[in-house]
Amino acid sequence: MTSVIRIAAVSKRFGPSTAVDDVTLDIRENEFLALLGASGCGKTTLLRLIAGLEQPDSGAIFIGGDNMTGTPPYARPVNMMFQSYALFPHMTVADNVAFGLKQDGISGAALTARVKEALEGVELETLGTRKPDQLSGGQRQRVALARCLAKRPKVLLLDEPMAALDKHLRERTQLELMALRARLGITFVVVTHDQSEAMAMADRVAVMEEGRILQVAPPRELYERPANARVARFFGDINLWDAAAAPRRPHPAGIVAIRPERIHMSRTPGSDTVCEGTVADVAYLGTASTCFVTTTTGLTVRVLVRSDEGAPPFTPGERVYLTWPASAMMALDP
Ligand SMILES: Nc1ncnc2c1ncn2[C@@H]1O[C@H](COP(=O)(O)OP(=O)(O)OP(=O)(O)O)[C@@H](O)[C@H]1O
Ligand SMILES: [Mg+2]
């Protein structure tokens, strides 16, 4: 697999704070890479470095094999959709999408076709004559996306492209982006701080913390084999215990982690019971519930109980018995 973007030991400081700290990352051709991390961890700065809107203090960025040091943003084969994007308020939706294409010298029937294709891509083809203030927040966001797509860049950098969308529209836009990627052969680098969005869409996810990349891997690998407890915590619900306090102790040191869906909970003890406890709380999620169990040794255990298991739902105060295979336990560094 060829890498279309190579970020080589890049650091970026703003005064005393280091926004991007010695990041090395290869982004592959046609890949959908998600940058995931808490607010302030450096996601936008990393995108801006790729786009050429910031210069690294050290390290270098290569696009298509070429060192981009000194190459201005407009000369890079990337297009960025900003976290707080702006549409031209006095132009129609279609003119907003056409604007960048005209600058590239595209006109006439070719221009019309490209605008139509981009608007269809985000299901806005019927709203081309509206002005931005006649659109919902989600629709405006999709115009901004269409404006980026219309230029058919080699690499599309999207900073929280779905932040303004409601859940339903967000899921549909996720599917559209994935379809577009398959159809157009564009490399996507997408910033999000929603782990389920990253998991649903990305080929690989780079988990960032304080300017550094903790792990970059396909979603399943991050979920099943997180590099450390911080990555595990970012990816779904998990029990993290000090190895010394964990029931059934196969691990000598560090942190023991187990996903709530790997634990089986019963009202009766069995020969394979690992520990017993009392249901402290139940959070109903629809298809399942998360039960918080306090064990006799004082540990809190999260257990995911599917709603279709037949028996009446667990309620706080019930005595319960927990079991899980030793293989479900992961030993992690902090
Ligand atoms: N132009 C700037 N001047 C000074 N500090 C900056 C500048 N841009 C970013 N920072 C700082 O760099 C760090 C990383 O910022 P960045 O915008 O990359 O975070 P982020 O991961 O995109 O966060 P969010 O999810 O909130 O958008 C933050 O501490 C931020 O305050
Ligand atoms: Mg940001």
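Conventions we followed
- Think of each chain on its own: its residues are numbered from 1, step by step along the sequence as written.
- Chain letters start at A and ligand numbers start at 1, both assigned in the order the entries are written.
- Where totals are concerned, whole chains, interfaces and linings use all residues; where local detail is concerned, this predicted model gives features only for residues with pLDDT of at least 70, and gives and counts side-chain atom pairs only at 80 or more.
- By the convention used here, strands pair only if DSSP detects at least 2 bridges between them.
- Under the scheme used here, helices are H or I runs from DSSP no shorter than 4 residues and strands are E runs no shorter than 2 residues, and both carry numbers assigned from the N terminus.
- Here an angle of 0 to 180 degrees is reported between the N-to-C directions of two axes, which are lines fitted to C-alpha atoms, with helices fitted over the stretch in contact.
- One less than the residue count of a helix, multiplied by 1.5 Å, gives the span that helix is expected to have.
- For each residue, a C-beta atom is positioned from the backbone; the residue is called near a molecule or strand if that atom sits within 6 Å of it.
- Each angle is binned into one of four classes, with values under 35 degrees roughly parallel, values over 145 roughly antiparallel, values of 65 to 115 roughly perpendicular, and all other values oblique.
- Definitions for this section: a left-handed crossing has its near helix turned counterclockwise from the far helix by less than a right angle. A right-handed crossing has that turn clockwise.
- Here, residue contact means that the backbone-derived C-beta atoms of the two residues sit within 7 Å.
- Under the scheme applied here, ten amino acids are nonpolar (Ala, Val, Leu, Ile, Met, Phe, Trp, Tyr, Cys and Pro), four are charged (Asp, Glu, Lys and Arg), and all others, including Gly, are polar.
- How far each domain reaches was decided by an automatic or database domain assignment.
- Three exposure classes are used, based on other C-beta atoms lying within 10 Å of a residue's own C-beta, which is placed from the backbone: buried for 20 or more, exposed for 12 or fewer, and partly exposed in between.

A. The arrangement of the sheet that holds strand 15 (residues 288-295) in detail. Spatially, the 5 strands line up as an open sheet ordered 13-17-14-15-16, and their pairing is antiparallel. The strands lining the two open edges of the sheet, one partner per strand, are strand 13 (264-266) and strand 16 (300-306). Between one strand and the next, the sheet's axes are offset by a mean angle of 45°, whatever the strand orientation. Across 4 bridges, the pairing between strand 14 (residues 275-284) and strand 17 (residues 319-323) is antiparallel. Across the sheet, residue Glu276 finds its bridge partner in strand 17, namely Tyr321.

B. Examining helix 5 (residues 167-184) more closely. If you check helix 5, its first and last C-alpha atoms are 25 Å apart, about what 18 residues at 1.5 Å a residue would give, namely 26 Å. Once helix 5 finishes, Gly185 follows within two positions and takes phi at roughly 65°, a positive value.

C. Looking closely at the pairing of strand 12 (residues 255-258). As judged from the 4 bridges shared by strand 11 (residues 239-242) and strand 12, these two strands associate in the antiparallel manner. Within strand 12, the position partnered with Trp241 by the bridge is Val256. Two elements, strand 12 and strand 18 (residues 330-332), share 3 bridges in a ladder whose sense is antiparallel. Paired with Ala257 across the strands is Met330, a residue of strand 18.

D. Geometry of the site of ligand 1. Around ligand 1 sit 13 residues, and of these Phe14, Ala19, Ser39, Thr44 and Thr45 come closest. Per-element tally for the shell around ligand 1: the top contributor is helix 1 (residues 43-51), with 3 residues.

E. Inspection of the packing of helix 2 (residues 93-103) against helix 3 (residues 108-121) at higher detail. Taken N-terminus to C-terminus, the directions of helix 2 and helix 3 make an angle of 125°; their axes are 9 Å apart at the nearest point. Regarding the angle of helix 2 to helix 3, the classification is oblique. In this structure, helix 2 crosses over helix 3, and the sense of that crossing is right-handed. Where helix 2 approaches helix 3, its residues Ala94, Val97, Ala98, Leu101 and Lys102 are matched on the opposing element by Leu111, Arg114, Val115, Ala118 and Leu119. Of the residues that constitute the contact of helix 2 with helix 3, the class distribution is 8 nonpolar, no polar and 2 charged.

F. Structural view of the domain arrangement of the protein chain. What the domain assignment reports for the protein chain is domain 1 (3-233) and domain 2 (238-332). Just the C-alpha atoms count here: the centres of domain 1 and domain 2 sit 39 Å apart. Counting residues at the interface gives 5 residues for domain 1 and 5 residues for domain 2. The class makeup of the residues in the side of domain 1 that touches domain 2 is 3 nonpolar, 1 polar and 1 charged.

G. Here's a closer look at the environment of Phe99. Topologically, Phe99 is positioned in helix 2. You can call Phe99 partly exposed: it has 15 C-beta atoms within 10 Å. Spatially, the C-alpha atoms of Phe99 and Lys151 are 10.0 Å apart, while their sequence positions differ by 52 residues. Residue contacts for Phe99: discarding those within four places in its chain leaves Phe88 and Met91.

H. Unusual backbone geometry, seen in detail. The backbone of Asp22 shows a phi angle near 55°, a positive value even though the residue is not glycine. When you line up the elements, Asp22 lands in strand 2 (residues 17-28). Of note, Asn30 is a non-glycine position whose phi angle comes to about 70°, a positive value. Mapped onto the elements of the fold, Asn30 is located in the loop between strand 2 and strand 3 (32-37). For Asn30, a count of 16 C-beta atoms within 10 Å corresponds to the partly exposed category.

I. View of the environment of Met201. Along the chain, Met201 falls in helix 6 (residues 195-201). The exposure class of Met201 is buried, given the 23 C-beta atoms found within 10 Å. Between the alpha carbons of Met201 and Ala326 there is a distance of 31 Å; along the sequence they are 125 residues apart. Contacts of Met201, omitting those with residues within four sequence positions, involve Phe32, Ala34, Gln174, Leu177 and Met178.

J. The arrangement of the packing of helix 3 against helix 4 (residues 137-150) in detail. Contact pair helix 3 / helix 4: the axes reach a minimum separation of 8 Å and the direction vectors enclose 135°. Here helix 3 lies oblique to helix 4, going by the angle between them. For the pair helix 3 and helix 4, the sense of crossing is right-handed. Of the residues in helix 4, those in contact with Arg114, Val115, Ala118, Leu119 and Gly121 of helix 3 are Ala146, Leu149 and Ala150. In terms of residue class, the contact of helix 3 with helix 4 is made up of 6 nonpolar, 1 polar and 1 charged.

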